[in-house]
Each structure stands twice: as C-alpha cells, then as structure tokens.
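The primary structure of each chain is shown beneath.
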Amino acid sequence: MYKINLYKNKKIDLLLTDNNYANISFKNISSYNLNKEINIINLLRAFIFSLFKSKFSLASIKKNYYLFLIKSLSPKVVIGHDMNGQLLRIKKLFPQIKSVCYQLGNVWAGENKIYQKIFKNNKLDYFFVYDERARKIFSKMIKSKFIVAGSLKNNEIRINNFKKKYDIMYISQYRLGQKSSERARESEILRFLDSYCLKKNKKLLIALAYNKFRSKKHRHEKAELEFINQNCKKYFIEKKISSYASADMSKVIVCFLSNLGIELLAKNKKFLFFDLDNLYLNTYKKINSLYVLNNLNYQNFEKKIKLLISLSTKSWIKKIKKDKMSIKFDKDNLIFKKFVLKLIK
C-alpha cells in the first residue's frame, strides 16, 4: 500500500529502488524509498505534462511522474538490486546519478541467460557481488566496477548468541503451484528428518516458507502446515522470528534448493544440502562432499547428519575454509556502507 504525500519533496542523498530489501540502515543520510509513497504534486505535474505536451496514457503519466519525482529529489546515489529494472532505467535517464547495484541471489548453473537479458545494453557505476565467481560472471555481461562484499541482506542480519535449542533446522521449500516431482522429493526429505529425529530423540525445527513473520505470505501457512503434517509426526516451528534467527538456535541446517543455505554457510553454520539435480555440482564443478547429498538414500542421509551434529564448530570451519560455495560475510555491511558514504560526500 502506497502512502500519499501532499508536500513538496526535499532533496536527498540516497534513492532506494528496492524497497530496502536488504534492510540496510545508514546514519546521518537522507534517503527516499521510490516505491513506498505517491507524491501528489509530482503526480499532478506528470498528468498535466502528459495531457498537453506528451502522448496521454497511463504509461506516459507513470513515466513522467518518475521523471519529475527524481528531478525534485535530486539524489546523489541510487541503489537497487540486480533483478530490479528500475535501477537500470534510472541510470539511463539520469546518467549523472551514481548507480550502485547489489547481487540479490546466488547465480546457479543455467541462469546466465536471465541476467544477460536484464543487463543487455545497460551499464552501472558500481556492482556489489557475492564472490569472485559472481564477479567473473557479471563482468562479461555489463560494464561496471565490481566489489566483492557477500550478500548485503545476510551481512545486515546479526548473528544471535542463542542457546542451541534444536538439533536440526529444515528450510521448507514448500510453494503453492510447486511441481509434483519437487513436492514428492520434499516429502521424502521430511520423512527422513522425522524418522531420524524420532529414532535418535532429536529436536527438529522447520523454518516455514509461509511464516506469519513474513506478513505478505502468512495466508498460505495453513496449506504448508497440512503438507508438513502429512510427512512429520513431531517438529517445532518458531513463528515470531526469522529463519536467520531460527538458524542461530540450531546445530545443523538442512535445505533443498535454498539461497538461505548459501548465506548461512557464509556465517559458518553447519548444514546439509540435498543436491538432487546436481545443481550445486554443475554450478561449482567441485563440491565439498561433507555436506552434500545427491540422492535420497536414508542410510547415506543418517550417516552424514550424524557426523555433522557431532562435528565441532571449530572442525567445521576448518573443513569449509576454502570451499567454493562459501561467499564473503561482511558483518554489518561495513564495506558497502563506507563506500556509499564516500560517494555521497
């Protein structure tokens, strides 16, 4: 829902085109979120301009509205992620504004064409990426200065020193409209987890995809819970905290096709990946077999999860130190924040 602003805009330092998805907080910087409100003054200007000096249409009013709005804000820097075309359009319309893009999610094998289409005939001033691998991929698609800083969203979320209440946390991949083959695989994984935890008297936490913590998705939580109940007899959920905080309460994280898993690896969390389509293998070419399973074999699963639970954090960190899947973790986004502050000043 957009707020209505009846006042004249003040000039700002920073323009956000991503709804501040990464939830980055800056001190002593004036900012404006492009998609949070409608400024009536600039809307009227756009309407009149479209009526008398341009082709009158809803698309024309919208385009002119953003032109007038951004001119009135006169930002020094504009920030957005790599899947948001708004940042690229603004850079074309206002080349004098410094553009800062950040990587939203991991680039998996077979996804290059998606980014090539987004970046075609565009350029950016600065691009913050997960790792050297991402830098090499994106540098072939778009002209920019690249800075390796990890996941900005992940960096901004602090690690909680919680007591480990749960032995295993599973990151649910349940989605409405999910392919039947994917749903069947997840059912099998849940049954593995349930069987192991009941047998070994372990506590299983499930991080829901449609948790009420995420207000826009909670209406589907009932269907997700019904699916889980079909496959698990005993488990726990944490409704009032995020999946990141839930991970801080757990000894080992288990996931299946989850970007969150990559982010948690950056924070040295112990986890087990189910790579049933060889996605991780095709992406990284070589994978640490310590935490990857490429089949649905219960005996193999039990052997790996037992090892991971017993493995000390110190031993785990040592084993994954040079892992190709591990991205950078920059606590509190110091690299990014210092860079943006320098641009503004």
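Data block above holds the structure.
As the structure is a prediction and not an experimental result, all values here were calculated from the model.

Trainee: Help me understand the sheet that holds strand β6 (residues 98–102), please; the structure alone is not making it clear to me.
Mentor: In sheet architecture, strand pairing relies on hydrogen bonds along the backbone and comes in two forms, parallel and antiparallel. The parallel open sheet is built from six strands, whose spatial order is β3-β2-β5-β6-β7-β8. Looking at the sheet topology across the chains shown, the edges are occupied by β3 (31–33) and β8 (143–148). Direction aside, neighbouring strands of the sheet carry axes that sit 25 degrees apart on average. Pairing geometry for strand β2 (residues 14–16) and strand β5 (residues 77–81), over three bridges, is parallel. Its bridge partner lying in β5, L16 is registered against I79. Across the sheet, helix α14 (residues 334–344) touches β2, β5, β6, β7 (123–129) and β8, and the angle it forms with β7 is around 155 degrees.

Trainee: Looking at this structure, I do not really get the pattern of salt bridges. What am I missing?
Mentor: Pairing is possible between side chains that carry opposite charge, provided their charged atoms lie close to one another. According to the stated counting rule, one finds 13 salt bridges in the structure shown. Put simply, D125 and K91 hold a salt bridge, and the shortest N to O gap is 2.7 Å. On the criterion of sequence distance, the pair formed by D125 in strand β7 and K91 in helix α3 (residues 85–93) is long-range, its members being 34 residues apart. D125 sits in the partly exposed class, given a relative accessible area of 22%. The class of K91 is buried, set by a relative accessible area of 8%. A salt bridge links E132 to R135; the shortest N-O distance between them is 2.7 Å. Here E132 pairs with R135, and both are found in helix α5 (residues 132–139), just three residues apart, close to one helical turn. Since its relative accessible area comes to 41%, E132 is described here as partly exposed. In this structure R135 comes out as partly exposed when scored by relative accessible area, which is 27%. Several salt bridges share partner residues, and in doing so they unite K199, K200 and E302 into one network.

Trainee: Explanation requested: the nonpolar core in the structure shown.
Mentor: Looking at soluble globular proteins, one finds that nonpolar side chains tend to be buried together. In terms of nonpolar packing, the biggest core is built from 61 residues, with F274, Y291 and F301 touching the most fellow members. For this core, the leading source of residues is helix α7 (residues 180–200), giving six residues. Listed in part, the 32 residues of the second largest apolar core include I12, Y65, I70 and I97.

Trainee: Can you help me understand the side chain of D131 in this one?
Mentor: As for its placement among the helices and strands, D131 is situated in the loop between β7 and α5. Here A134 takes part through its backbone nitrogen, which lies 2.8 Å from a polar atom of the side chain of D131. Sequence-distant contacts of D131, that is, excluding residues within four places in its chain, are made with V148 and I327.

Trainee: Even after reading the chapter, I still don't get unusual backbone geometry, so can you show me in this structure?
Mentor: Among all residues save glycine, negative phi is the norm, and among peptide bonds the norm is trans. Located in the positive-phi region is N23, a residue other than glycine, with phi close to 55 degrees. On the secondary structure map, N23 appears in the loop between β2 and β3. Residue classification places N23 among the exposed positions, given a relative accessible area of 56%.

Conventions adopted
- Residues numbered from 1 in each chain as written.
- Predicted model: local features only at pLDDT ≥ 70, side-chain atom pairs only at ≥ 80, totals over all residues.
- Heavy atoms only, no water.
- Pairing = 2+ DSSP bridges.
- Helix = DSSP H or I, 4+ residues; strand = E, 2+ residues; numbered from the N terminus.
- Axes fitted to C-alpha atoms, helices over the stretch in contact; angles between N-to-C directions.
- Contact = heavy atoms within 4.5 Å.
- Salt bridge = Lys/Arg side-chain N within 4 Å of Asp/Glu carboxyl O.
- Buried < 20%, exposed > 50% of the residue type's maximum accessible area, 1.4 Å probe, protein only.
- Core = buried A, V, L, I, M, F, W, Y, C linked by side-chain atoms within 4.5 Å.
- Polar contact = N/O pair within 3.5 Å; in protein donor to acceptor, adjacent residues only side chain to side chain.

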